[in-house]
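Descriptive analysis of the structure
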Amino acid sequence: MSKFYVTTSIPYVNAPPHIGHALEFIQADVLARSQRAAGRDVFFLTGADEHGVKIVRAAEESKKTTKKFVDENTEKIKKLIKILNISNDDFIRTTDKKRHWPGAQKLWMKLVEAGDIYKKKYKGLYCAGHEAFVTDKDLVNGICAIHKTKPEIIEEENYFFRLSKYSKKIELFVKNGKLKVSPVSRRNEILSLLKEGLEDISFSRPAKSLSWGIPVPNDPNHTMYVWCDALSNYITALGYGQGNSKYKIPNTKYWHYWPADVQVIGKDILRFHAAIWPGMLLAAKLPLPKTIFVHGFITVGGKKMSKTIGNVIDPFEIVKKYGADALRYYLLHEIPSGEDGDFTYEKFEERYNADLAKGLGNLVARVLTLSQKNNIKAVKNKNFDAAIKKTEKQIEKFINEFRFNNALVAIWRLVASGNKYIDEKKPWALKPESKEFKEIIGSLLFLISDIGALLSPFLPETSEKVIEAVKNKKLIVLFPRLL
Ligand SMILES: [Zn+2]
């Protein structure tokens, strides 16, 4: 059985999760579920990024200990994953000293062994909001353009990672497709960055300014900066760094599942995943992930989501009011998978009523109601069967290309054909005992049962309900109409 390893990025828990996190979890979940259904041995990882100065500060502001603060916010991520029906196999936390730290430190040591970690004095403008040194292009009149604060001049001695050494190699991997970056627009973006050449990056912070993190091996005066701390989660969760053997770690998932088949990320962290992470892996002589799939951002009524504007969309609220599958449907159908997309409650309710309540819900309700009139069994209908087989092939292709919206459009073509068929045949005017009635309703039962099956990676709860209802001839209301 071939394996399939899919990851999401790990959300930074300085704030509760928003609808953008929901999008990423759901996209990765579709990949995991469809690969499982295809019989592959799937491992689906997500987790939480819990270190850093910003978290310490946010905890102070909310008058909580850092530990309590991250525990609470990580619990919210876990809760979101649960209510969205995300089928992850594991959840890794970067504060996990047993599971995560040994692997992060081992990876660091591999980079040291490669001669790619060196110490350097660095003097520059440090923005606390950025948690990083900023340059003139980040500033407007000496003030950070994003955080509206004046950066301090700091002189620090930090460890650096020789990322520059790997620019050409990574560029080659992206060009020859050994490291696929999808969609093409993001591939071009990273290629132009690689062509310019990557600079070495600061890889640690003095422990006195960053204590909430993983200590640098053999140097307690330094704490790892986010790169080795967080990006390493994709291998530490698989057991990298566990066990005593210096070079091989037998019996860990690492040897089975790494490299990742798909890493799902947002467009803001493209450089981290398609440049820094591959550089680290190359230095450590580990294989690179096969594909990086990059999604866009969700705007709200055309505006960027922001706490200041107060337009942050809470996924918990939507799921509570409309159900998980309604949100899954909207995000997969309305947000073009590799680009930005828009959310408004008006649009959400419009799609809900038209596609879910009226389209799918109505078809299923009509067929099941009519099937009650007589003990009718599903019968294979040649036209429907051909259309279903064709749709199946399309869905497989669309999922492989991360075109989730196109996959749903294809399924809804079947829904429309069912509604059209029932309108034309008018079975309610026929006698339930007649051969014709049995054939029409039997064909429709066949169709909706297969639609149910096709929905399973996208709307898992609805899928189960439809399949069950056809089996037990039970009346169900899938999506109550909103008024
Ligand atoms: Zn800043």
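Right above here is the structure, for reference.
The structure presented is a predicted model; accordingly, all values stated were derived computationally and were not measured.

1. Remarks on the nonpolar core
Formed by 90 residues in total, the largest nonpolar core has its most connected members in Leu 331, Trp 412 and Phe 458. Beyond its immediate stretch of four places on either side in the chain, Phe 458 contacts Val 30, Arg 328, Leu 332, Ile 395, Ile 399, Phe 404, Ala 407, Leu 408 and Ile 411. Residues Tyr 159, Ile 190, Cys 228 and Ala 283 belong to the second largest nonpolar core, which totals 57 residues.

2. Notes on the coordination of the zinc ion
A metal bound by six donors in octahedral fashion has ideal angles of 90 or 180 degrees, whereas one bound by four tetrahedral donors has an ideal angle of 109.5 degrees. Binding of the zinc ion to the protein goes through Cys 127 (SG), His 130 (ND1), Cys 144 (SG) and His 147 (ND1), at separations of 2.1 to 2.3 Å. As a motif over one chain, the donors of the zinc ion read C-x2-H-x13-C-x2-H.

3. Considering the packing of aromatic side chains
Where two aromatic rings form a pair, the distance of their centres and the angle of their planes describe that pair. Going through the model one piece at a time under the given rule, you end up with 29 aromatic pairs. Geometrically, the ring pair formed by Tyr 118 and Phe 160 is stacked, given 5.9 Å between the ring centres and 20 degrees between the ring planes. Of this pair, Tyr 118 sits in strand S4 (residues 117-127) while Phe 160 is found in strand S8 (residues 152-161), placing the two residues 42 residues apart along the sequence. Each member of the pair Tyr 118 and Phe 160 is classed as buried. Plain terms: the ring middles of Tyr 126 and Phe 133 are 5.3 Å apart, the flat faces sit at 80 degrees to each other, and that makes the pair edge-to-face. Under the relative-accessibility criterion, Phe 133 is labelled buried at 15%. Connected via pairs of aromatic rings, a cluster forms that spans Tyr 322, Tyr 330, Phe 343, Tyr 345, Phe 348, Tyr 352 and Phe 479.

4. So, the packing of helix H2 (residues 53-61) against helix H3 (residues 66-83)
Close contact between H2 and H3 brings their axes to 9 Å; oriented N to C, the two are set at 100 degrees. On the basis of the axis angle, H2 is roughly perpendicular to H3. For the pair formed by H2 and H3, the contact residues are Ile 55, Val 56, Ala 58 and Ala 59 on the first element and Thr 66, Phe 69 and Val 70 on the second. In terms of residue class, the contact of H2 with H3 is built from six nonpolar, one polar and no charged.

Conventions we followed
By convention here, each chain's residues receive numbers from 1 onward along its written sequence. A pLDDT threshold of at least 70 governs which residues receive local features in this predicted model, and a stricter bar of 80 or more applies before side-chain atom pairs are shown or counted, although totals over entire chains, interfaces and linings include all residues. Side-chain figures throughout are based on the complete set of non-hydrogen atoms in the structure, without hydrogens or water. Buried Ala, Val, Leu, Ile, Met, Phe, Trp, Tyr and Cys residues form a nonpolar core when they are joined through side-chain atoms within 4.5 Å. Partly exposed describes any residue whose relative accessible area lies between the buried limit of under 20% and the exposed limit of over 50%, with all areas from a 1.4 Å probe on protein chains only and scaled to the type maximum. Throughout, a residue-residue contact means that at least one pair of heavy atoms, one from each residue, lies within 4.5 Å. Each metal's donors are the N, O and S atoms found within 2.8 Å of it, except that Na, K and Ca use a 3.2 Å limit; water is left out, so coordination can look incomplete. Only the six-membered ring of Trp is used, alongside the rings of Phe and Tyr, when aromatic pairs are assigned; centres must lie within 6.5 Å, and planes under 30 degrees apart are stacked while those over 60 apart are edge-to-face, with the rest tilted. Helix numbers and strand numbers start at the N terminus; a helix is a DSSP run of H or I with at least 4 residues, a strand a run of E with at least 2. Interaxial angles span 0 to 180 degrees and are taken between N-to-C directions of axes, which are lines fitted to C-alpha atoms, for helices over the stretch in contact. Throughout, the term roughly parallel applies to angles under 35 degrees, roughly antiparallel to angles over 145, roughly perpendicular to angles from 65 to 115, and oblique to all others. Three classes are used: nonpolar for Ala, Val, Leu, Ile, Met, Phe, Trp, Tyr, Cys and Pro, charged for Asp, Glu, Lys and Arg, and polar for all others, with Gly counted as polar.

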